[in-house]
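Each chain, written out:
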There are 4 protein chains.
Amino acid sequence: MNSWGDIFRVTIWGESHGAQVGVSIDGVPAGIALCEEEFTADLDRRRAGAAGTTPRKEGDVPHIVSGLYNGHTTGSPLTIEFVNENTRSGDYKNLISHPRPSHADWVAQKKWNGYNDPRGGGHFSGRITLGLVAAGVVAKKILGQSVEFSTEITEIGSERNKEKFAEIIEQARMAQDSVGGVVECRVKGVDVGLGEPFFDSAESLIAHLLFSVPAVKGVEFGDGFEVARKRGSQNNDCIISAEGQTATNHAGGIVGGITNGNEIVVRAAVKPTPSISCEQQTYNFESGSVEPLVIKGRHDVCITLRAAVVIESAIAIALAELKLRA
Amino acid sequence: MNSWGDIFRVTIWGESHGAQVGVSIDGVPAGIALCEEEFTADLDRRRAGAAGTTPRKEGDVPHIVSGLYNGHTTGSPLTIEFVNENTRSGDYKNLISHPRPSHADWVAQKKWNGYNDPRGGGHFSGRITLGLVAAGVVAKKILGQSVEFSTEITEIGSERNKEKFAEIIEQARMAQDSVGGVVECRVKGVDVGLGEPFFDSAESLIAHLLFSVPAVKGVEFGDGFEVARKRGSQNNDCIISAEGQTATNHAGGIVGGITNGNEIVVRAAVKPTPSISCEQQTYNFESGSVEPLVIKGRHDVCITLRAAVVIESAIAIALAELKLRA
Amino acid sequence: MNSWGDIFRVTIWGESHGAQVGVSIDGVPAGIALCEEEFTADLDRRRAGAAGTTPRKEGDVPHIVSGLYNGHTTGSPLTIEFVNENTRSGDYKNLISHPRPSHADWVAQKKWNGYNDPRGGGHFSGRITLGLVAAGVVAKKILGQSVEFSTEITEIGSERNKEKFAEIIEQARMAQDSVGGVVECRVKGVDVGLGEPFFDSAESLIAHLLFSVPAVKGVEFGDGFEVARKRGSQNNDCIISAEGQTATNHAGGIVGGITNGNEIVVRAAVKPTPSISCEQQTYNFESGSVEPLVIKGRHDVCITLRAAVVIESAIAIALAELKLRA
Amino acid sequence: MNSWGDIFRVTIWGESHGAQVGVSIDGVPAGIALCEEEFTADLDRRRAGAAGTTPRKEGDVPHIVSGLYNGHTTGSPLTIEFVNENTRSGDYKNLISHPRPSHADWVAQKKWNGYNDPRGGGHFSGRITLGLVAAGVVAKKILGQSVEFSTEITEIGSERNKEKFAEIIEQARMAQDSVGGVVECRVKGVDVGLGEPFFDSAESLIAHLLFSVPAVKGVEFGDGFEVARKRGSQNNDCIISAEGQTATNHAGGIVGGITNGNEIVVRAAVKPTPSISCEQQTYNFESGSVEPLVIKGRHDVCITLRAAVVIESAIAIALAELKLRA
């Protein structure tokens with residue numbers, strides 16, 4: 001479904017080439033000072049334009065159409081909309097008969113009997129994440145200034161040296177290809193005790209939202225998959241203070257599904273953009289045979305660059321929900 | 001919270017040393033033939049006793065107390081209970097003043113103001129997963145015989161050669177230590193079209209449940225974190241048949257959050273059991289200083305062995321929910 | 001919260017004098033033919049202008065901004081917005097210090113610490129029901145043409161003779177007063193078997209939505225409160241055909257919380273508009289004493305007239321949810 | 001579905017003649033002192049035995065099997081079970097071919113394709129309400145001692161004089177018939193500000209739960225259906241103190257869907273027990289014709305007597321949910 005959260009409930013809508021994309025956020029406490037300018041910083045981080053991102057540029061201007069009065073949230077749903085501009089719908093029939101590999105084109109047709117909006121990926125477009133970023137801004141205000149997010153791209157391709165990222169991306173671009181990456185988000189200052197076992201562990205809620213973000217194929221906390229390669233004596237985090245501080249943080253700040261006050265550490269693996277310019281051999285449902293496909297148009301070579309803030313926003317939303325439940 | 005699912009709703013309860021653990025499953029279609037014996041196979045896979053598992057053995061006998069009539073499900077909640085036996089409660093005061101590293105002992109105290117049941121981990125005990133395995137059996141019946149689960153442990157410690165797993169575990173046991181692992185679950189025969197974007201992608205629902213399972217610290221689909229190290233041309237799965245079969249399956253059977261009919265491939269990283277017999281230095285809240293802690297009692301050296309069927313069950317539950325929604 | 005439904009999920013937002021009111025409807029099956037004109041009939045029934053209704057007239061033009069493509073629903077959220085026009089915000093400070101009797105003015109201030117939007121009732125304005133009516137139109141399309149709604153006002157004041165309703169309303173208007181009424185909705189052609197006991201009986205879902213409609217203070221099914229005055233032999237509905245037709249319909253088409261295929265009969269009591277022009281004695285929080293209050297502006301003398309279609313829409317939404325669950 | 005509540009989540013199960021009926025309550029705050037004896041008073045009010053109630057008597061002894069430790073709630077699910085005793089299953093085939101008028105017999109068969117448990121009404125039995133009453137006891141502890149419930153039967157048959165109730169019931173019993181009634185519940189001491197518009201008004205949540213109670217066919221708040229017969233000047237409640245006290249309480253303590261601190265007043269209409277001993281003419285699905293049916297066994301002549309505490313419990317549950325959300 002297109003809403004998430006029991007207390008801080010985020011509802012999104014829109015298609016890439018429809019009239020607008022938007023988000024309505026329910027459960028926002030009344031009295032939070034907010035203005036449209038406060039969305040700028042995070043929206044800019046998501047915006048196209050940097051090396052490795054699509055040249056399509058849009059205003060991405062948020063319009064708050066409900067839930068704000070005299071510069072403060074009212075306790076009623078806060079609704080934020082973004083008008084779609086600069087769409088080149090062109091001809092999408094090709095996507096239907098000859099769907100792009102590793103895109104949702106074919107499954108969407110099957111699921112909705114061909115009635116899905118195929119233009120620009122429709123509801124599967126990364127453009128939908130504008131609403132997620134907007135909700136993340138609100139979530140951060142709920143969490144308060146003592147909660148600090150630090151988000152970095154730790155890998156692109158198989159490279160972990162940040163200084164070489166631009167080069168890796170340029171090589172992929174030259175090859176008419178794309179490249180994946182890993183985003184790591186660290187969150188300081190989170191209260192002890194967030195998380196609602198059994199089913200709503202802090203990890204469950206965060207992962208639920210992260211796997212909603214298009215292109216995420218893996219999520220791990222703390223040492224993540226490395227825990228499998230360790231012994232208990234290497235992985236255990238001994239407590240060293242009355243506040244619960246641990247000597248190490250292999251758990252990434254979550255134990256038994258509950259935050260323990262140490263830094264939350266989450267990583268998400270982002271796949272290489274499936275839209276690539278080089279030729280691919282894939283099934284044509286009209287002709288009934290595998291045929292070469294060349295995807296035209298503007299694409300992100302490395303969507304990880306823009307996904308970072310989306311991932312951070314998703315984590316913020318999950319933490320806001322958990323905080324408001326506590 | 002302790003219930004999950006909108007249509008196939010699983011509610012669990014119980015503590016390790018309380019009267020019982022149980023599960024009530026709502027949304028089970030009427031008319032499914034079912035008997036208590038059908039739970040045996042999966043419950044046995046979860047049972048203690050093998051090398052690397054705790055010597056505590058219990059009947060683990062499921063009692064169906066509602067929702068079954070004349071050998072068939074009735075459409076009303078199906079409730080299954082397990083009586084707790086063989087509990088040695090002993091003295092748990094020590095856990096309160098000197099909580100075990102990387103266990104929920106301390107966060108649970110903080111969250112519930114010291115009112116949580118600390119005996120045997122209380123509600124955080126792996127024993128709670130009995131209900132999850134029982135629900136998984138029901139979920140598999142809903143999915144039907146055409147859906148096949150194949151679950152394997154692919155890593156223990158840093159070892160991937162299965163023939164050496166027993167040795168790795170024995171070494172950890174001798175060292176009074178524990179060891180982590182990776183469980184991989186493959187599911188064949190899943191319908192095309194399961195998954196409810198934006199927020200309820202197939203990956204989101206599966207990951208939500210997997211991160212409820214104690215000890216899981218990472219979840220990935222298909223190539224998972226490896227996608228970060230690849231180019232689009234290496235990661236894309238080209239379609240080769242009218243049924244949507246793909247030449248490769250880097251996506252693990254899920255594209256755009258929706259199943260594409262190819263094999264679903266999920267991996268979960270399971271941390272080494274935090275209960276280890278060797279001495280640890282951790283904070284004593286009574287004395288106010290870091291002190292040595294020795295954990296007594298029976299522990300699993302490699303909980304991954306027993307977690308495999310729990311992980312498979314969690315995936316089955318998520319797929320049953322998705323199937324009933326479709 | 002401002003969303004309702006597990007499968008057919010309606011999310012509403014907006015304030016009377018904000019930028020817009022809107023609704024996003026999730027879970028709409030793909031492939032339903034729909035256009036903005038189809039909303040006209042029901043929106044007109046809700047529109048102001050008749051005798052007994054407020055003279056404020058607005059376009060009430062629905063703008064579909066997502067979820068529609070090529071004249072059909074896509075399976076993605078269907079979002080419909082209404083621009084607010086013709087608002088005379090004026091001075092609402094008076095409402096804060098001297099809140100109107102039987103309005104939400106005072107409770108809203110208390111609940112949201114004075115941050116609620118007070119203009120025109122803010123989020124409590126009947127204008128929010130535009131979204132409900134729009135969702136009702138979509139719900140009716142899901143229910144299909146075999147389901148027929150027949151909605152009537154059966155009482156105004158203590159009068160049950162429809163020919164005298166206009167007179168009763170005019171008398172109230174002349175007295176600078178308002179008057180209440182009863183709306184009865186009958187629904188033919190509903191499938192047998194809708195309703196999800198224990199908690200989601202057909203009556204529970206319908207009543208939940210009806211009591212969301214501002215001004216509704218009572219809901220009854222079939223003979224309703226009259227059942228209290230009868231014996232079982234007078235109230236029982238004997239079945240007379242293989243299709244479950246009953247000789248009488250005291251139950252209003254719902255037995256054991258489940259529809260039985262007979263006509264559904266629901267009545268809702270609508271209170272007299274609390275905004276009346278005659279002077280009232282009520283507490284002034286600024287002065288700290290009970291003082292006369294005269295409410296200015298445009299009011300509905302008999303909101304029942306406009307509420308009828310809202311009540312019908314709420315019932316349609318509940319039935320659509322139940323149908324999609326079945 | 002068989003669970004209700006977002007924060008205070010009540011899940012029920014069981015059939016009249018199955019092994020047990022039970023309830024699991026999630027979201028109970030930790031640290032509430034509780035013992036099985038505290039359930040006695042309300043369970044006794046629901047128990048059979050008084051004039052007008054069925055002679056079937058059961059222990060109705062609550063067994064708390066999870067969520068309680070050292071005499072206090074733990075924050076984990078609190079599960080309470082009741083063993084079914086004294087069941088006379090006998091032959092229920094007759095119910096299938098010749099279903100009882102105004103019972104769920106026929107709709108249940110249709111809904112669950114004949115797999116429902118028909119014995120004693122199965123999941124539709126009033127016995128399921130044991131769990132509701134138990135949850136109500138917990139809800140009242142959450143609300144605290146300052147919240148006082150006062151519940152009365154205000155009508156039986158068309159009689160409002162309480163001294164004549166016994167006579168009315170005896171007359172119905174002599175006539176092998178049953179009789180309906182009205183239950184009124186008044187709640188003092190409820191905080192101002194409970195209720196979550198738009199969809200989760202205090203009235204919506206209370207009515208949702210009340211219409212889950214078998215036999216309830218009408219729900220009204222404050223003056224209820226009488227509001228339809230009044231003018232605004234007669235129905236408005238003017239505020240007379242800084243605490244929001246009103247001179248009158250036509251609204252029954254809820255304005256705009258939000259509690260206003262005045263006494264909450266709710267009434268529910270309870271239909272006459274459909275099981276009556278006198279002969280009824282109803283359809284026999286085996287013979288294909290309308291035939292006389294005589295229902296044997298033990299029945300409540302006036303289920304209203306036992307329903308009163310169930311209705312009170314349902315209201316307490318709704319208020320606990322609303323309080324924990326606030």
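Computed from a predicted model, the values in this text were never measured in an experiment.

Our next topic: the interface of chain B and chain D. Interfaces are frequently sized by the accessible area removed from exposure as the parts join. Listed as interface residues are 36 residues of chain B and, on the opposing side, 36 residues of chain D. Among the residues of chain B in contact with chain D, Met-1, Tyr-69 and Tyr-115 of chain B are the three that bury the most area, contributing 21% of the side total. On inspection of chain B and its partner chain D, the count reaches zero salt bridges. At the level of elements, strand S2 (9-14), strand S3 (20-26), strand S4 (63-66), strand S6 (72-73) and strand S7 (78-83) of chain B are the ones that each hand at least two residues to the side of chain B that touches chain D. It is S2 of chain B that contributes the most residues to the side of chain B that touches chain D, five residues altogether. In the side of chain B that touches chain D, the residues fall into 12 nonpolar, 17 polar and seven charged.

Our focus in this paragraph is the sheet that holds S4 of chain B. Residues and elements named next belong to chain B. One open sheet holds the five strands; their spatial order is S1-S2-S3-S7-S4, and the pairing between them is antiparallel. Sheet topology places strand S1 (3-4) and S4 at the edges, where each strand pairs with a single neighbour. Of the strand pairs in this sheet, S3 and S7 are connected by six bridges, and their pairing is antiparallel. When the bridges of S7 are listed, Gly-22 appears paired with Glu-81. Along the sheet face, helix H4 (residues 129-143) touches S2, S3 and S7 and points at about 30° away from the line of S3.

Attention now moves to the relation of the copies chain C and chain D. Take chain C, turn it by 180°, move it 0.0 Å along the axis, and it overlays chain D with an RMSD of 0.0 Å. The operation mapping one copy onto its partner corresponds to a two-fold rotation axis. Most of the interface of chain C is mirrored in chain D: 100% of its interface residues are interface residues there too.

With that out of the way, let us pick up H4 of chain B. Residue and element names in this part refer to chain B. With 15 residues, H4 extends 20 Å from end C-alpha to end C-alpha; this agrees with the ideal 21 Å at 1.5 Å per step. Of all 15 residues in H4, 14 are buried, a share of seventy percent or more. Just downstream of H4, Gly-144 is the residue with a positive phi angle, here 90°.

On the side of chain D, 102 residues touch chain C, which itself brings 102 residues to the contact. Carbon and sulfur atoms supply 62% of the area buried between chain C and chain D, which totals about 7,800 Å² over both sides. When residues of chain C are sorted by the area they lose upon contact with chain D, Phe-198, Phe-199 and Lys-217 of chain C head the list and together hold 12% of the total. Taken together, the connections running from chain C to chain D amount to six salt bridges. Residue Lys-217 of chain C is joined to Glu-203 of chain D by a salt bridge in which the shortest nitrogen-to-oxygen separation is 2.8 Å. Linking chain C with chain D are 61 residue pairs in polar contact (both at pLDDT 80 or more), by the criterion used here. For the side of chain C that touches chain D, the per-class residue count stands at 51 nonpolar, 33 polar and 18 charged. One ladder, built from three bridges, connects strand S10 (residues 216-221) of chain C with strand S10 (residues 216-221) of chain D; its direction is antiparallel. In the sheet register, Glu-220 of chain C faces S10 of chain D, and the bridge partner there is Gly-218 of chain D.

Definitions and limits used
Residues numbered from 1 in each chain as written. Chains lettered and ligands numbered in written order. Predicted model: local features only at pLDDT ≥ 70, side-chain atom pairs only at ≥ 80, totals over all residues. Heavy atoms only, no water. Contact = heavy atoms within 4.5 Å. Buried area = accessible area lost by both parts, 1.4 Å probe. Salt bridge = Lys/Arg side-chain N within 4 Å of Asp/Glu carboxyl O. Helix = DSSP H or I, 4+ residues; strand = E, 2+ residues; numbered from the N terminus. Nonpolar A, V, L, I, M, F, W, Y, C, P; charged D, E, K, R; others polar. Pairing = 2+ DSSP bridges. Axes fitted to C-alpha atoms, helices over the stretch in contact; angles between N-to-C directions. Least-squares fit on C-alpha atoms with pLDDT ≥ 70 in both. Expected span 1.5 Å × (residues − 1). Buried < 20%, exposed > 50% of the residue type's maximum accessible area, 1.4 Å probe, protein only. Polar contact = N/O pair within 3.5 Å; in protein donor to acceptor, adjacent residues only side chain to side chain.

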